[in-house]
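Observations on chain architecture
If you want the building blocks of each chain, they are given just below.
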Amino acid sequence: MDLATSLSFLYDYRLALLTGLGNTLYFTACGLAIGLPLGFIVSIIRHTGHPVLKVIATTYVEIFRGTPVLVQLFWFFFCLPALLGVDLGNVTSTITTLALYMGAISSESCRASLKAIGAEQRDACIALGLPARVSVPYVILPQTIMRAVPTLLSNCVTLFKESALVSAVGMADLMYQGQMIADSTARPIEILTATALIYFVIAFSATRIVTYYEQGFLKRLKL
Amino acid sequence: MNGYSWDSSVVLSSLPQLMSGLAVTLQLTAICAVIGLVGGFVVCLMAMSRILPLRWIAVFFIELFRCTPALVQIIWIFYCVPIFFGIFIDPFTMAVLALGMNITAFNAEAYRAAIQAIPSSHYDACTALGLSSLKRTVYVILPQAVLLAIPVLLTNTIGLLQQTALVAIVAIGDLMYQGKSLATQTYRPIEIYSTVAFIYFIFSLPLSQVVGFCEKRLRARLT
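Residues numbered from 1 in each chain as written. Chains lettered and ligands numbered in written order. Predicted model: local features only at pLDDT ≥ 70, side-chain atom pairs only at ≥ 80, totals over all residues. Heavy atoms only, no water.

Looking at the overall build of chain B
Each helix and strand in chain B was counted, giving 8 helices and 0 strands. Listing every helix and strand of chain B by position from the N terminus yields α-α-α-α-α-α-α-α. Projected onto its principal axes, the C-alpha coordinates of chain B cover approximately 75 × 50 × 25 Å. In chain B, which comprises 223 residues, the proportion classed as buried is 47%. A distance of 14 Å separates the average location of the 12 positive side-chain charges in chain B from that of its 8 negative side-chain charges. (Helix = DSSP H or I, 4+ residues; strand = E, 2+ residues; numbered from the N terminus. Buried < 20%, exposed > 50% of the residue type's maximum accessible area, 1.4 Å probe, protein only. Lys, Arg positive; Asp, Glu negative; His and termini not counted. Charge placed at Lys NZ, Arg CZ, Asp CG, Glu CD.)

Details of a nonpolar patch on the surface
Residue and element names in this part refer to chain B. A surface patch of nonpolar side chains, amounting to about 340 Å² of accessible area, comprises Leu26, Phe198, Ile202 and Phe203. In terms of residues, the nonpolar patch owes the most to one element, helix H8 (residues 189–222), which gives 3 residues. Relative to the elements of secondary structure, Ile202 occurs in helix H8. (Patch = residues over 30% accessible without salt bridge, like charges linked within 9 Å, V, L, I, M, F, W, Y side chains within 5 Å. Areas by Shrake-Rupley, 256 points an atom, 1.4 Å probe, with all protein chains shown as cover. Salt bridge = Lys/Arg side-chain N within 4 Å of Asp/Glu carboxyl O.)

Description of the interface of chain B and chain A
Every contact between the two is made by 35 residues of chain B and, on the other side, 35 residues of chain A. With both sides pooled, the region where chain B packs onto chain A buries about 3200 Å², and carbon together with sulfur makes up 76% of that total. The largest per-residue losses of area from chain B upon contact with chain A belong to Cys67(B), Tyr79(B) and Tyr193(B), which jointly make up 16% of the total buried on that side. Put simply, chain B and chain A have 1 salt bridge between them. Between chain B and chain A we count 8 residue pairs in polar contact (both at pLDDT 80 or more) in total. Elements that contribute at least two residues to the side of chain B that touches chain A include exactly helix H2 (52–66), helix H3 (70–85), helix H7 (175–186) and H8 of chain B. Sorting elements by how many residues they give to the side of chain B that touches chain A places H8(B) first, with 11 residues. Of the residues assigned to the side of chain B that touches chain A, the class counts are 26 nonpolar, 6 polar and 3 charged. (Contact = heavy atoms within 4.5 Å. Buried area = accessible area lost by both parts, 1.4 Å probe. Polar contact = N/O pair within 3.5 Å; in protein donor to acceptor, adjacent residues only side chain to side chain. Nonpolar A, V, L, I, M, F, W, Y, C, P; charged D, E, K, R; others polar.)

A short note on the nonpolar core
All names here are of chain B. Formed by 83 residues in total, the largest nonpolar core has its most connected members in Ile74, Val167, Met176, Val196 and Tyr200. If you tally residues by element for this core, the top one is H3, at 9 residues. Each residue touching Val167, except ones within four places of it in the same chain, is listed here: Leu28, Ile74, Ala95, Leu99, Ile172 and Asp174. Grouped together as the second largest cluster of nonpolar side chains are 21 residues, Ala105, Ala110, Ala145 and Leu153 included. (Core = buried A, V, L, I, M, F, W, Y, C linked by side-chain atoms within 4.5 Å.)

Structural data, given as structure tokens:
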């Protein structure tokens, strides 16, 4: 099979692949939009919070970091509707899983950078008489975010890649479309390679941005 | 709870099948972890070598496997390797191949970061002491690199344990696969998936505790 036929074959299925890519990006974006703030809140709770809240937050993080995302997806798909007695809908349960997973992994990144903030900063906040509602958004948050951005960005890339798993529960993302086309046309090589390539191009450019940012950040901290 | 009653007998009766799946999961994890630990170091040395073609191959390999979803890699290898090379290897070996290459790429990055974290004063000291480059690598760089890389390598291994759940999609009888088929056979997804999640969790949790312990020891040693 020559390259020209392969390419024209791929061109015929461009819309299906693009729709899939759109869904992949949509799931990733929703997961990020909920997961990132969630991760920050959870890390704050784990750092300075009520002991009971701390236990809850730690359990949540450990569970989501300690089980495969695939298992989480299946659990949210099959078990949550049965437990709650309401049908959440496929999209909602997919996004919930991805967001909770993202929250768990990004809370770990935030926690590491929270730890890196010197104790004297906290002492200064207390000495200045700043209440938590002032010190958290104006002192802690900016420094945490700045330090955590490289890790958080690579978490975003991770989420983008993990989102391929939603194909296993029948969500029409890029991977799902790729597999469907591969199965129905019996030409897996072109389609699966193209799918892998699309993922690669996006994730690779994203990691380049992370590296670029990291270098600028290291310069700024004069490390 | 909405009338859904937990049926422990389902869990008990499905345990033997889940355990046989668990054996496959652990086997896969162990074999791939060893491949990753050794292969990762070799690929890392290649990626840092002065011979350009070697370096290009290694960097390409690392980026390729780090920037595409593991699911895509597994499916690509399962569909395309037999067509390309006209060979039919048994599924377990294929899975080892896919997951092994994936973890090799991630471990190579871990080793590389560790080697780069060794202060340049150590290199200068080696030069000043007149150590050959082989002696420098074996006695100065390698021990420190392995030590510094341990937390990340362990984290990658936990990730690997969870990644092995993906082979369920290509019908290898691992823990996730057995869980999936039991859930459909018994119509008790909550019990089965919760048990599956729990089993993965109890294997990940001790490992992540070890990671935390190693990090603490390392920090104490380095400061």
